[in-house]
Amino acid sequence: MKLDEFYSAAPKFIASFPMAAMIPASSEPEIAFIGRSNVGKSSLINAIFKSPLAKTSSTPGRTQTMNFFEKAKMLMVVDLPGYGFAEAPVKIVEEWNRQLRLYLSGRAQLKRVFLLIDSRRGLADVDIEMMGMLDTAGVSYQVVLTKTDKLKPAEIAAARESLDAIFKKHPAMHPDILTSSSSDGTGLDLLRRTIMGVARV
C-alpha cells in the first residue's frame with residue numbers, strides 16, 4: 001500500500017477511556033502518543049493524520065482520557081494524557097499517571113509508543129521517569145522531537161546528540177530519533193512511514 005493511500009482517510013474515533021480497565025481487548029496493532037503536557041502532542045497527531053482527531057489547547061493537561069481511534073482495521077491510534085504539569089488537582093494528576101502506567105504495562109498489542117519531547121527544552125526528570133517505566137514494561141518506544149521549526153539546524157543536531165548519548169541506558173528505546181514540526185510539516189512524512197510500518201497493511 002502506498003503512503004498516500006494509507007493516509008487518504010483519517011482514523012475514526014472509537015471511545016475515550018478514563019481507566020485502563022475499561023479498555024476492551026483488540027487484535028489490531030496499536031500505537032500510542034505520549035509526552036509532557038503542552039509538548040504539542042495533539043497538534044502533531046492532527047498533522048500526521050491530516051485531520052482534527054485530537055483537541056488542541058494552550059492549557060497544559062487538556063487531554064484527560066485515553067482516546068482511541070481506529071484506522072481501517074489496520075491500526076489503533078491512542079492519544080494519551082500528558083504527564084508532568086497540568087492545571088488540575090494533584091490527586092487527579094496522580095490518578096491520570098497511574099492509569100497511564102496500567103495501560104502501558106498491560107497492553108500486549110501495543111507495538112510502539114511515540115514519546116514526544118519538546119526540542120527546545122530537552123529531557124526533563126518526568127521524561128526520564130517515563131522512559132524508565134517503558135523500559136521496565138518492555139514497551140518499545142521511539143523519541144520524536146517536536147517544534148523543531150523553532151530551532152536552527154545546529155540546535156536540532158545538538159538535541160539529537162544529547163538523546164543519542166543516553167540511548168544505551170534505555171533498552172526499550174528505538175535507536176532512530178525522529179524530528180517533527182506540526183507547523184511547517186518537517187519530518188511528518190518520515191513519521192507517517194514509520195507509523196505505516198507498524199500497521200497491518
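Residues numbered from 1 in each chain as written. Predicted model: local features only at pLDDT ≥ 70, side-chain atom pairs only at ≥ 80, totals over all residues. Heavy atoms only, no water.

(A) Broad picture of the overall build of the chain. Looking only at helices and strands, the chain has six helices and seven strands in total. For the chain, the N- to C-terminal ordering of α and β elements is α-β-β-α-β-β-α-β-α-β-α-β-α. A globule of 201 residues ought to have a C-alpha radius of gyration of about 17 Å, and the chain, at 16 Å, matches this closely. For the chain, buried positions account for 52% of its 201 residues. In the chain, the share of contacts with a sequence separation of at least 24, taken over all contacts with a separation of at least 6, comes to 76%. Positive and negative side-chain charges in the chain, numbering 26 and 21 respectively, have mean positions lying 4 Å apart. (Helix = DSSP H or I, 4+ residues; strand = E, 2+ residues; numbered from the N terminus. Rg over C-alpha atoms; globule rule 2.2 N^0.38 Å. Buried < 20%, exposed > 50% of the residue type's maximum accessible area, 1.4 Å probe, protein only. Contact = heavy atoms within 4.5 Å. Lys, Arg positive; Asp, Glu negative; His and termini not counted. Charge placed at Lys NZ, Arg CZ, Asp CG, Glu CD.)

(B) Looking closely at the packing of helix α2 (residues 41–49) against helix α6 (residues 188–198). Direction vectors running N to C along α2 and α6 enclose 80°, while the axes themselves pass 10 Å from each other. Judged by the angle between their axes, α2 and α6 are roughly perpendicular. Where α2 abuts α6, its residues Leu44, Ala47, Ile48 and Phe49 lie against Leu188, Leu191, Arg192 and Ile195. Residues of the contact of α2 with α6, tallied by class, amount to seven nonpolar, no polar and one charged. (Axes fitted to C-alpha atoms, helices over the stretch in contact; angles between N-to-C directions. Parallel < 35°, antiparallel > 145°, perpendicular 65-115°, else oblique. Nonpolar A, V, L, I, M, F, W, Y, C, P; charged D, E, K, R; others polar.)

(C) Molecular detail of the packing of aromatic side chains. Applying the stated criterion to the full structure yields six aromatic pairs. Taking the centre distance of 5.4 Å and the plane angle of 25° together, the rings of Phe33 and Phe114 count as stacked. Of the two residues, Phe33 sits in strand β2 (residues 30–35) while Phe114 sits in strand β5 (residues 110–118), which places them 81 residues apart along the sequence. A connected cluster of aromatic rings, assembled from ring pairs, spans Phe6, Tyr7 and Phe49. We note Lys71 situated over the ring of Phe6; from NZ or CZ to the ring centre the distance is 5.2 Å. (Phe/Tyr/Trp six-rings, centres within 6.5 Å; stacked < 30°, edge-to-face > 60°. Lys NZ or Arg CZ within 6 Å of the ring centre and 35° of its normal.)

(D) Examining the environment of Gly132 more closely. Its location among the elements puts Gly132 in helix α4 (residues 125–137). Residues Gly132 and Lys169, spaced 37 residues apart in sequence, show a C-alpha to C-alpha distance of 9.4 Å.

(E) The sheet that holds strand β4 (residues 75–79), seen in detail. Across the sheet, seven strands lie side by side as β1-β3-β4-β2-β5-β6-β7; this open sheet has mixed pairing. In this open sheet, the two edge strands, each paired with only one partner strand, are β1 (12–17) and β7 (178–179). Here β5 runs beside strand β6 (residues 141–146); their pairing, made up of six bridges, is parallel. Note on β6: the bridge partner recorded for Val113 is Tyr141. (Pairing = 2+ DSSP bridges.)

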